[in-house]
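Overview (structure and organization)
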Amino acid sequence: MTTRPDQYAVMGNPIAHSKSPRIHALFAAQTGQRLEYRAILVEPGGFAVAARAFRDAGGKGLNVTVPFKQDAWVFADLLSVRAERAGAVNTLIFEPGGVRGDNTDGPGLMRDLTVNHGYRLAGQRVLLLGAGGAARGILQPLLMERLAQLVIVNRTVSKALELALRFSDLGRVSGCGFPELAGRQFDLIINATSAGLENVVPPLPDDVLAADGWCYDLTYGSEPTVFVRWGREHGAARSLDGLGMLVEQAAEAFQLWRGIWPETGPVIAALRGGQSSAAS
Ligand code: ATR
């Protein structure tokens, strides 16, 4: 008798565009793991009911994306230190004793930047655009890297100040509004805003990126994002999109569920479709 493969899914809204089912299918094939992974559209306010139903049907784990990462944080019985701090969960592990919640976004970004692209964060001046859920997920690992400074800039200044305060015990971090960037330079600018959805780049001064500086957009698309293009137009040594981070955070989740690390390089290449990348 054949048993049903272990069940996993990603929940979000919207979710049709999600690359996670393809990524996990590639990981499973590569590592010989027998599992199924699908995308589930959840209506606003419906996360806990949907997650419970998935678990009760025998589901082993979930990825969680916009707009449910805070709901997943509440839903988990036990949180990793990094998820607790981020206030957001993107990976749930269903265990007999309860539901574990983790956040693999931060480690995913770090591995893409430092391992895949060889970037050295120590001593760098880093500017983080945005103070929403995406920013919260990456602050802790960034602050572990002995940066020269980390500045959070946000359209709504109070949110940047609050976030900086929340993480201030971990390192040198401050918050400000866009006008306060005048005359300042940064070695790495990370875009964690959702402004790209409206096809706009936040109002950055033209000289804010230092010579040989890098840009990194947490989002990605089949075409270079507006922020990736902004980086190229402003002399970035590298201007990267978030596809590598997406695959790396998925690898972290896969490891949490299956106890095995997949190789990410071939999966990133497959998603890029063998063409020259969306990032430069
Ligand atoms: P996410 O979970 O993707 O981070 P979010 O929590 O809604 O989503 O946060 C979106 C972030 O993008 C916020 O920092 C938001 O700024 P505000 O806090 O001022 O709303 C930022 N953002 C969205 N659209 C923007 C735009 N057009 N220009 C600048 N910042 C923008």
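Report follows, based on the coordinates. (Residues numbered from 1 in each chain as written. Predicted model: local features only at pLDDT ≥ 70, side-chain atom pairs only at ≥ 80, totals over all residues. Heavy atoms only, no water.)

**Topic: the pattern of salt bridges**
Scanning all chains against the criterion turns up eleven salt bridges. Here Asp6 makes a salt bridge to Arg258, at a shortest N to O gap of 2.8 Å. Here Arg258 lies in helix H9 (residues 243-258) and Asp6 lies in strand S1 (residues 6-12), a separation of 252 residues in the sequence. Across the pair Glu252 and Arg82 runs a salt bridge whose closest N-O atoms are separated by 3.8 Å. Of this pair, Glu252 sits in helix H9 while Arg82 sits in helix H4 (residues 81-86), placing them 170 residues apart in sequence. A relative accessible area of 28% means that Arg82 is categorised as partly exposed. Each of the salt bridges in this network shares a partner with another, and the network as a whole consists of Arg82, Asp102, Arg111, Glu248 and Glu252. (Salt bridge = Lys/Arg side-chain N within 4 Å of Asp/Glu carboxyl O. Helix = DSSP H or I, 4+ residues; strand = E, 2+ residues; numbered from the N terminus. Buried < 20%, exposed > 50% of the residue type's maximum accessible area, 1.4 Å probe, protein only.)

**Quick word on the packing of helix H5 (residues 105-116) against H9**
Look at H5 against H9: their axes get within 7 Å of each other, and the N-to-C directions meet at 120°. With respect to their mutual orientation, H5 and H9 come out oblique. As for the relative orientation of H5 and H9, their crossing is right-handed in sense. Residues Asp105, Pro107, Gly108, Leu109, Arg111, Asp112 and Asn116 of H5 form the contact with H9, whose participating residues are Gly244, Met245, Glu248, Gln249, Ala251 and Glu252. A class-by-class count of the residues in the contact of H5 with H9 yields four nonpolar, four polar and five charged. (Axes fitted to C-alpha atoms, helices over the stretch in contact; angles between N-to-C directions. Parallel < 35°, antiparallel > 145°, perpendicular 65-115°, else oblique. Left-handed = near helix turned anticlockwise from the far one by under 90°. Contact = heavy atoms within 4.5 Å. Nonpolar A, V, L, I, M, F, W, Y, C, P; charged D, E, K, R; others polar.)

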